[in-house]
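Examining the three-dimensional arrangement
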Amino acid sequence: MRPLAAHANLTICGLPGIGHIPYGIHMCHFYRERQDLVEALVPFFIAGLHSNERCTWITADPLNGGEAKLELEKAGVDVDAAIHSGALTIRDYGEFFLEARGMKSRQVAERWLAEEESAVAQGYSGIRITGNASFVTPETWPDFMDYEEVVHRAFKGRRIVSLCSYDARRVAAAEVTAVVGRHSCALERPDAGWQIVNDFRLQQDPQPLWTGR
């Protein structure tokens, strides 16, 4: 497999142990505690803000929007200024998916592509997004996996960096395989540093489903 550094158009990941990552990457990780989310997502977004990326954090239990804002502030981010400038958006999953209700997976993916195009047109390097899938129920799991597959293909080759969070206590072994198989790579933190544990799709994926709107 080629190392990540072999890809063009790199940006900083922000997680200790992982240096640069390519734009178009669609990553996932599994957490167990609220603090696991903090330690992954706070440095991830700090790196995005430092890299002139428009950042969107879609929150869900066990780390809601107000708590996410507080954790960023504790890390030294001027959250109010970032939100006011448009560089940072923190939204609850209910608000985001209420707007997307009734849309097909491809339509939601197109919204992200429109967000990327708008951000780049305004001078941003790209967009950085994350969402916590703790709200997904057994009934909505198949549709959410379809969404993950569609956005995975849609993001490829775009100025987008994404990291999806899954509660390891709520995801069965067979579901872990489904999640990892719909992402460029999976991340884990076995010790003080992070590492990529699966980047097969990053190297082997076909062309994206579409290249523009």
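A few points on the structure. Since we're looking at a predicted model, the values are computed, not measured.

**Here we look at the pattern of salt bridges**
As enumerated under the stated definition, the model contains 13 salt bridges in all. Ionic pairing is found between Arg-34 and Glu-67, a salt bridge with its closest N-O pair at 3.9 Å. A residue pair is termed long-range when its members are at least 10 positions apart, and Arg-34 in helix α1 (residues 34–50) and Glu-67 in helix α2 (residues 65–74) qualify at 33 residues. For Arg-34, a relative accessible area of 27% translates into the label partly exposed. Judged by its relative accessible area of 28%, Glu-67 falls in the partly exposed class. When salt bridges that share partners are traced, they join Arg-34, Glu-67, Glu-71 and Lys-74 into one network.

**Let's talk about the packing of aromatic side chains**
Each aromatic ring pair is summarised here by two numbers: the centre-to-centre distance and the angle between the ring planes. Within this structure, the stated rule accounts for eight aromatic pairs. Measuring from centroid to centroid gives 5.7 Å for Phe-144 and Tyr-147, while their planes differ by 40 degrees, and the two rings are tilted. Remark: Tyr-147 and Phe-144 occur in helix α6 (residues 141–155); sequence separation between them is three residues, near one turn of the helix. Given a relative accessible area of 13%, Phe-144 falls into the buried group. Ring centres of Phe-144 and Tyr-166 lie 6.4 Å apart, and the angle between their planes is 70 degrees; on these two criteria the pair is classed as edge-to-face. Pair noted here: Phe-144 is in helix α6 and Tyr-166 is in strand β7 (residues 160–167), with a separation of 22 residues, a long-range link. Residues Phe-144 and Tyr-166 agree in their burial class; the two are buried. Joined through ring pairs, the aromatic side chains of Phe-30, Tyr-93, Phe-135, Trp-141, Phe-144, Tyr-147 and Tyr-166 make up one cluster. Between Arg-128 and the ring centre of Phe-44, over which it is positioned, the NZ or CZ distance is 4.6 Å.

**Description of the environment of Glu-110**
Position of Glu-110 relative to the elements: it lies in helix α5 (residues 105–121). Here the alpha-carbon distance between Glu-110 and Ala-154, two residues 44 residues apart in the chain, equals 8.0 Å.

**Digging into the side chain of Ser-134**
Structurally, Ser-134 can be placed in the loop between β6 (126–132) and α6. Taking relative accessible area as the criterion, Ser-134 reaches 9% and is therefore assigned buried. Excluding anything up to four places from it in sequence, Ser-134 contacts Tyr-31, Ala-60, Asp-61 and Arg-170.

**Some remarks on the sheet that holds strand β9 (residues 195–198)**
Spatially, β5-β4-β6-β7-β3-β8-β9 is the arrangement adopted by the seven strands of the open sheet, whose pairing is mixed. For this open sheet the edge positions go to β5 (88–92) and β9, each flanked by a neighbour on one side alone. Averaged over all pairs of adjacent strands, the angle between strand axes in this sheet comes to 25 degrees, irrespective of strand direction. Strand direction decides the pairing type here: β6 and β7, joined by six bridges, are parallel. From the neighbouring strand, Ile-129 faces β7, where its bridge partner is Ser-162.

Scoring rules and cut-offs
By convention here, each chain's residues receive numbers from 1 onward along its written sequence. Two thresholds apply to this predicted model, a pLDDT of at least 70 for residue-level local features and 80 or more for giving and counting side-chain atom pairs, whereas whole-chain, interface and lining totals are computed over all residues. Computation of side-chain values covers all heavy atoms of the structure but excludes hydrogens and water. Salt-bridge detection follows one rule: a side-chain nitrogen of Lys or Arg within 4 Å of a carboxyl oxygen of Asp or Glu. Helix and strand definitions here come from DSSP, where helices need a minimum of 4 consecutive H or I residues and strands a minimum of 2 consecutive E residues; each element is numbered from the N-terminal end. Only protein chains enter the accessibility calculation, which uses a 1.4 Å probe; a residue whose area is less than 20% of its type maximum is buried, one above 50% is exposed, and one in between is partly exposed. Two aromatic rings, drawn from Phe, Tyr or Trp (for Trp, its six-membered ring), form a pair once their centres lie within 6.5 Å of each other, and the interplanar angle then sorts them: stacked below 30 degrees, edge-to-face above 60, tilted otherwise. Both a distance and an angle decide whether a charge sits over a ring: NZ of Lys or CZ of Arg must be within 6 Å of the ring centre and within 35 degrees of the ring normal. Only heavy atoms enter the contact rule, under which two residues are in contact if any of them lie within 4.5 Å. Two strands qualify as a pair provided that DSSP identifies no fewer than 2 bridges between them. Working convention: axes come from line fits to C-alpha atoms, limited for helices to the stretch in contact. Angles between N-to-C directions cover 0 to 180 degrees.

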